[in-house]
Amino acid sequence: MARCGLHRVLTRLALLAGVWAAVIAVSASVAVARPVPGSGSASGPPRGDDRSGVSRYFAGPEGLAIPTAPCDPAGPSGGDGTMAAQLNPQLRNKMAGHLDAYRMSCARMVTQAVKERGLNQRAAAIAIATIIVESSMNNYSQAVDHTSIGLFQQQDWWGSREQRLNPAYATNAFLNDMERRYPNGSWNNAPIGEVCWRVQQPREDLRHLYGIEAADATLIANALWSGTGGGPKHPYASGRVVSGRSADGRLEAFAAGADGVHHAWQTSVNGAWSTWRFVGGPRNAQLAVASNADGRLELFALSDSTFDHMWQTGPSGGWSAWKNFGTGGHRLAAGHNADGRIEVFASNAEGVFHRWQTAPSGGWSAWEGTHGGPPNARLAMENAPDGRLEVFALSDSTFEHLYQTRVNGGWSAWENFGTGGRAVAVSHNQDGRLEVFASSGEGVFHRWQTGPASWSAWTGTGGIPDAELATSRSVDGRVEVFAINGATASQSWQTRPNAAFSQWETFGGGGTSIGTANNADGRIEVFGTSHAGVYHRWQTGFSTWSQWAWLNDAGPAIN
């Protein structure tokens, strides 16, 4: 069985002038990971060396004066440091205040290994809870206890030295044993700390330590899950200014002016912006952006006379010419089925229609009606916790709701969702429940899922009247809402994941539309438009923001 011996690392204390001056780290890990024959680990169990009863302390987050190996061969990225700074104030246990770019890079590599294996965010949280307890997220390259090295403190029967210092190999070895002990995905239903303990197998009195770190590990895993990989992340934005994330992590922005569509892009990941480039297309269009399953962005532009689209010819590559996608209409929204196929909805004076990819990154169906829907509705869409798409349609007089009856499947009939209003936006909580926001002449209101198929009543939030709305999600999964009207811009945010919202705070001056996106490191970027052009504001940390600035140059005027 995967047993883990325990060891003792002596703590030195320096007493100076009657004051304890320094406490050198207490230890490196709680457990010495040990697999079993046939568990998928690189080698069998040791012969006659069960150290599971040996007493020792575990490492403090300050770490030991022991060499570490890089987790990412390229070293920590700039995004690792930014994400660590955003997460540090939210952590409550061992790593609180101690995340840095190096440790973040280690957690990132572990999370990437979980993704590539095809497991979910919970598996990443389990693995991260383990490395927090075992090594304080340090990839120790020198044996700490007996032969234990690496993030998971795996002994030499887990693999060669090089393998155990490779985060991908070490993570997969850990997950092999987890899946052996919890077959058929049963680890999804067991407490995170219990799963860690059963794989690592420390002394009984140290069993609780993994559970203590479960909440912080989940926070880190969720941030990394949403902050890595290509393509724009939902919530899906539509409007006069939109932004999506290319497969290489750079944001690309589009703004629709009276002369057509303009395009700007980050010249480096999380970095500065290019000048605006005019790309033609429909005039005074409503825009939506979505990512193909292969990572190529696709842009949709709807005017009152035509519907066109263009797409990247390769992931993070150049763009095609415009191609007709349909006739004119009022508003549009685009999102992804659970299998990666893009689905597009558009409204006109007759109701709401949709068109979808017949295969991931593939061709398109014909347009099809949805058997109603409010005429000339403003549209928003999101994925339910199980992956089903849900569509929200708000007109001047009514609010209706449509949803897939099964994942990747057909659609329900329209259901009444409220009265009319000005604008609609939707996002999802960290636990997957949807949050819907609507504005009217009285302010901003919201309604949220209380369960998989149940909703709260509408609740007023205050806010500015007759606002355009946009939502985004902070690196820790909190929903943030942005509103703009001709006089002012405002912001409200969840005070913690899945929780209530703050009071509205002024976010800037007035404008004509607003959009959001997330940088590759998770920081939110907000785009605003006015008759003078396009400007933006971005998070500089967990809760701090830059000032408003032109997006390189002014870009198109949007009235």
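Cut-off values and rules
- Residues numbered from 1 in each chain as written.
- Predicted model: local features only at pLDDT ≥ 70, side-chain atom pairs only at ≥ 80, totals over all residues.
- Heavy atoms only, no water.
- Helix = DSSP H or I, 4+ residues; strand = E, 2+ residues; numbered from the N terminus.
- Contact = heavy atoms within 4.5 Å.
- Areas by Shrake-Rupley, 256 points an atom, 1.4 Å probe, with all protein chains shown as cover.
- Pairing = 2+ DSSP bridges.
- Disulfide = S-S within 2.5 Å.
- Buried < 20%, exposed > 50% of the residue type's maximum accessible area, 1.4 Å probe, protein only.
- Salt bridge = Lys/Arg side-chain N within 4 Å of Asp/Glu carboxyl O.
- Axes fitted to C-alpha atoms, helices over the stretch in contact; angles between N-to-C directions.
- Parallel < 35°, antiparallel > 145°, perpendicular 65-115°, else oblique.
- Left-handed = near helix turned anticlockwise from the far one by under 90°.
- Nonpolar A, V, L, I, M, F, W, Y, C, P; charged D, E, K, R; others polar.
- 1 Å grid on protein atoms, 1.4 Å probe; cavity = no way out; pocket = protein on both sides within 12 Å on 5 of 7 lines; lining within 4 Å.
- Points joined across faces, edges and corners; volume = space filled by probe spheres on them.
- pLDDT = per-residue confidence, 0-100.
- Core = buried A, V, L, I, M, F, W, Y, C linked by side-chain atoms within 4.5 Å.

## Let's talk about the overall build of the protein chain
Within the protein chain, the secondary structure is distributed over 8 helices and 32 strands. A separation of at least 24 residues holds for 52% of the contacts in the protein chain among residues at least 6 apart in sequence. By element, 52% of the accessible surface of the protein chain is carried by carbon and sulfur atoms, the whole surface being about 20,700 Å².

## Topic: the sheet that holds strand β9 (residues 297–302)
Overall, antiparallel pairing links the 5 strands, which are arranged β3-β8-β9-β10-β11 in an open sheet. Pairing within the sheet leaves two strands with one partner each, and these edge strands are β3 (238–239) and β11 (323–327). Two strands pair when backbone bridges link them, and β9 and strand β10 (residues 306–311) are joined in this way by 5 bridges, in the antiparallel orientation. The partner of Leu299 across the bridge, within β10, is Met310.

## Some points on the state of the cysteines
Evaluated as defined, the whole model comprises 1 disulfide. Residue Cys71 pairs covalently with Cys106 via a disulfide, S to S 2.0 Å. The sign of the 85° torsion about the S-S bond sets the Cys71-Cys106 disulfide as right-handed. Residue Cys71 is located in the loop between β2 (19–23) and α1 (78–87), and its partner Cys106 is located in helix α2 (residues 101–117); the two are separated by 35 residues in the primary sequence. For the pair Cys71 and Cys106, one class covers both residues: buried.

## Description of the pattern of salt bridges
Using the criterion set out here, one finds 20 salt bridges in the structure. Salt-bridge contacts for Asp294 lead to Arg296; the nearest nitrogen and oxygen are separated by 2.9 Å. Across the salt bridge formed by Asp396 and Arg378, the nearest N and O atoms sit 3.0 Å from each other. Separated by 18 residues along the polypeptide, Asp396 in the loop between β17 (389–394) and β18 (398–403) and Arg378 in strand β16 (residues 378–383) bring together distant segments of the chain.

## Topic: the packing of helix α3 (residues 121–135) against helix α6 (residues 192–200)
Closest axis-to-axis distance for the α3/α6 pair is 9 Å, and the angle between their directions is 60°. With respect to α6, the element α3 is oriented oblique. By crossing handedness, the relation of α3 to α6 is classed as right-handed. Facing Arg122, Ala125, Ile126, Ala129, Thr130 and Glu134 of α3, the residues of α6 in contact are Ile192, Val195, Cys196 and Gln200. A breakdown of the residues in the contact of α3 with α6 according to their chemical character gives 6 nonpolar, 2 polar and 2 charged.

## Some words on the layout of surface pockets
Each pocket or cavity is described by its volume, and for the second largest pocket that value is around 490 Å³. For the lining of the second largest pocket, the secondary structure elements donating two or more residues are β3, β4 (241–245), β12 (332–336), β16, β20 (423–428), β25 (468–473) and β29 (513–518). When its residues are assigned to classes, the lining of the second largest pocket shows 19 nonpolar, 9 polar and 5 charged.

## Looking at the environment of Pro385
Its location among the elements puts Pro385 in the loop between β16 and β17. Not counting residues up to four positions away in its chain, the partners in contact with Pro385 are Gly432, Arg433 and Gln449.

## Side note on the sheet that holds strand β6 (residues 260–265)
Within a beta sheet, neighbouring strands are joined by backbone hydrogen bonds and run either parallel or antiparallel to one another. The antiparallel open sheet is built from 4 strands, whose spatial order is β4-β5-β6-β7. Edge positions in the sheet fall to β4 and β7 (277–280), since each has one partner strand and no second. Geometrically, the sheet is characterised by an average inter-axis angle of 30° between neighbouring strands, direction not taken into account.

## Section: the confidence of the model for the protein chain
Counting all residues, the mean pLDDT for the protein chain is 87, and 87% of those residues have values of 70 or more. Taken as a whole, residues 36–58 scores under 50 in pLDDT and shows 78 contacts with residues more than four places along the chain or in a different chain. Across residues 228–232, where pLDDT falls below 50, the model places 18 contacts with residues more than four positions away in sequence or in other chains.

## Considering the nonpolar core
With 51 residues, the main nonpolar core has Leu87, Ile128, Met178 and Ile220 as its most contacted residues. Beyond its immediate chain neighbours, meaning those up to four positions away, Leu87 contacts Leu99, Met104, Leu219, Ile220, Ala223 and Val475. Within the second largest apolar cluster, 13 residues are counted, among which are Val242, Phe254, Leu287 and Met310.

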